[in-house]
Amino acid sequence: MPKKRMGGLNMDNLTIVLLIFAFTIISYLLQKITLATTALISVILLVGFKAIDNQAVVSSFGNTTGILMVAMFVIAAGFNKTQLVKKMAANVSRIAKGSITKVMAGYVFLAVLLTQLIPSNLVPFCILYPLLGATLDEMKISRSKGMFGLGLIDIIAVGTLPIGGGATIFAELNGYLVASGSSYQMLITDPMKLRLPLLIIIALYCIFFAIKVSPDKPLTDIEEFELQNACVAAKPLKPFQEKAGYLIFIFVSVALLFSTQIGMQAWLIVLIGAILMVVTGVLDEKEAIKSMPIWVYFVFVGGLIMAGALSTSGAGKLVGDFIASIALQSRSTILLYTIFFMGPFILTQFILNRSAMMIFIPIVIQTCLSLGINPIGPIICVQAATLSAFMTPMATGTVPYLMGVGGYNQKSIIKQAIIPTIICIVVTIGWSSIAFPLF
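Nothing here was measured: the structure is a model prediction, and the numbers come from that model.

A. Representation of the pattern of salt bridges within the structure. Scanning all chains against the criterion turns up 3 salt bridges. With a shortest N-O distance of 2.6 Å, D137 and R143 are connected by a salt bridge. Classification of R143 as buried rests on a relative accessible area of 8%. The partner of K145 in a salt bridge is D216, and the shortest N-O contact between them spans 3.2 Å. Taken together, the residues K145 in the loop between α7 (122–138) and α8 (147–157) and D216 in the loop between α11 (210–213) and α12 (222–228) connect sequence positions 71 residues apart. The class for K145 is buried, based on a relative accessible area of 14%.

Written out as structure tokens, the structure is:
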């Protein structure tokens, strides 16, 4: 591996990436500078020390998920200007009779439904957070009380049932088995069999307990963020613009559900919707620009670039090989599942979940074959681990997004994530050992 000069010392790519990675995490926690500033400094360091390819950096800034995030804020801003949002929020408040628990139950149900139809945790969150935000405003409750719970259930629930994205995940996992030459074949219901208990428990947690550990007030400058989203219109929209506002939002939501059937990618659907918000006059150009939280975009892009550097430097494979060497020495079902879960679970807090899956699933399959055990349970466990990342802004695009709309800093995210993290670890490892015993 090529060496580079740094302060008179010869250092390889792996060491450089790990040092920059450590700086990023510490800076996120200390919050002496903004998250976006930290992300951009990390990118500059990675490029400056040639730890990441320039083309990879350029590609990250043009990532389609980043485009989707920014464009969806514009759509949400337009939708939030309509009276429909206020009426829906008022109706939800009336039905809930002042109970935030009932409100969260309704939105958790909607989130679980959407994440089965749309193979994403970010898109359902983008669809639902304006409605939840308006409902909380109507009830005179801070948005900081509900946004983490909504984001958490979106992250955990995606693709659990064997429909939509869940069927795609099943096909992908089965493909790994076929490619490895394994004689084992997975049933389409197997991923649901392992992941459903965690979904149910996390759903209950989001309904009854998440609001209790969420901060009572925003911990970041949410006033500016609310201004960006144009949540309160000085005057009601004209009839045409009023109808256009919610019709565009409905069009985008429905089109996202059927993006595969209509042959359009999600980012393009959302971008068209954002443009229509301006063309129809629901938002003027200044409002549209103000609605774009560029800092959220920078944090997301910085996470992508860091994830790429960790992967290309060999850090991911190093972790994977270490996990495999430990697993090969064990004959305990609980210990093996702990190893198979914790490795990808920790790694996915810092790199893309698909990258973590690509690192660990082949290693886990070969480890299982070497031990003479069925790899189906372990690879679903790995998949569950990589779909349970919510502790850092680098884990998934939904985390920086919910930090913005909820007014959370990194410390508050970690505080709110402690109990759900313990639940994910205990439930997934424990239930995997029961549902798919290895010995």
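Having put the structure on the table, let's press on.
B. Broad picture of the state of the cysteines. Tallied over the entire structure, the rule returns 0 disulfides. This cysteine, C206, is not joined by any disulfide, and C424 carries the nearest cysteine sulfur, 9.7 Å off. Since its relative accessible area comes to 0%, C206 is described here as buried.

C. Geometry of the packing of helix α4 (residues 64–80) against helix α15 (residues 266–279). Direction vectors running N to C along α4 and α15 enclose 35°, while the axes themselves pass 8 Å from each other. Judged by the sense of rotation from one axis to the other, the crossing of α4 with α15 is left-handed. Here T64, I67, L68, A71, M72, V74, I75, G78 and F79 of α4 come into contact with α15, specifically with A266, W267, V270, L271, G273, A274 and M277. Split into classes, the residues belonging to the contact of α4 with α15 amount to 13 nonpolar, 3 polar and no charged.

D. Focus on helix α19 (residues 333–347). Here α19 is 15 residues long and its end C-alpha atoms lie 22 Å apart, about the 21 Å a rise of 1.5 Å per residue gives. The complete set of buried residues in α19 reads T333, L336, Y337, I339, F340, F341, G343, P344, F345 and L347.

E. Quick peek at empty space enclosed by the protein. Going through the model one piece at a time under the given rule, you end up with 3 cavities of 30 Å³ or more. Of the voids in this model, the largest cavity is the one considered here, and its volume is about 50 Å³. Of the residues contributing to the lining of the largest cavity, the split by class is 5 nonpolar, 5 polar and no charged.

F. Broad picture of α15. Between its first and last C-alpha, α15 extends 20 Å over 14 residues, near the 20 Å set by a 1.5 Å rise per residue. What α15 keeps buried is the set I269, V270, G273, A274 and M277. Looking straight down α15, one finds its buried side chains confined to an arc of 135°; they lie on one side. Following α15 by one or two positions, G281 adopts a phi angle in the positive range, close to 85°.

G. Quick peek at the packing of aromatic side chains. Counted by the stated rule, this structure contains 7 aromatic pairs. Where F125 meets Y129, the ring centres are 5.8 Å apart and the plane angle is 20°; that geometry is what we call stacked. Remark: Y129 and F125 occur in helix α7; sequence separation between them is 4 residues, near one turn of the helix. Its relative accessible area of 0% is what places F125 among the buried residues. Pairing Y129 with Y401 gives two aromatic rings, centres 5.6 Å apart and planes at 65°, and the pair type is edge-to-face. Residue Y129 is located in helix α7, and its partner Y401 is located in helix α22 (residues 398–406); the two are separated by 272 residues in the primary sequence. Every member of this aromatic cluster is reached through a ring pair, and the members are F61, Y297 and F298. A cation over an aromatic ring shows up here: K193 above the ring of F436, its NZ or CZ 4.8 Å from the ring centre.

Basis of the calculations
- Residues numbered from 1 in each chain as written.
- Predicted model: local features only at pLDDT ≥ 70, side-chain atom pairs only at ≥ 80, totals over all residues.
- Heavy atoms only, no water.
- Salt bridge = Lys/Arg side-chain N within 4 Å of Asp/Glu carboxyl O.
- Buried < 20%, exposed > 50% of the residue type's maximum accessible area, 1.4 Å probe, protein only.
- Helix = DSSP H or I, 4+ residues; strand = E, 2+ residues; numbered from the N terminus.
- Disulfide = S-S within 2.5 Å.
- Axes fitted to C-alpha atoms, helices over the stretch in contact; angles between N-to-C directions.
- Left-handed = near helix turned anticlockwise from the far one by under 90°.
- Contact = heavy atoms within 4.5 Å.
- Nonpolar A, V, L, I, M, F, W, Y, C, P; charged D, E, K, R; others polar.
- Expected span 1.5 Å × (residues − 1).
- 1 Å grid on protein atoms, 1.4 Å probe; cavity = no way out; pocket = protein on both sides within 12 Å on 5 of 7 lines; lining within 4 Å.
- Points joined across faces, edges and corners; volume = space filled by probe spheres on them.
- Arc of directions from axis to C-beta.
- Phe/Tyr/Trp six-rings, centres within 6.5 Å; stacked < 30°, edge-to-face > 60°.
- Lys NZ or Arg CZ within 6 Å of the ring centre and 35° of its normal.

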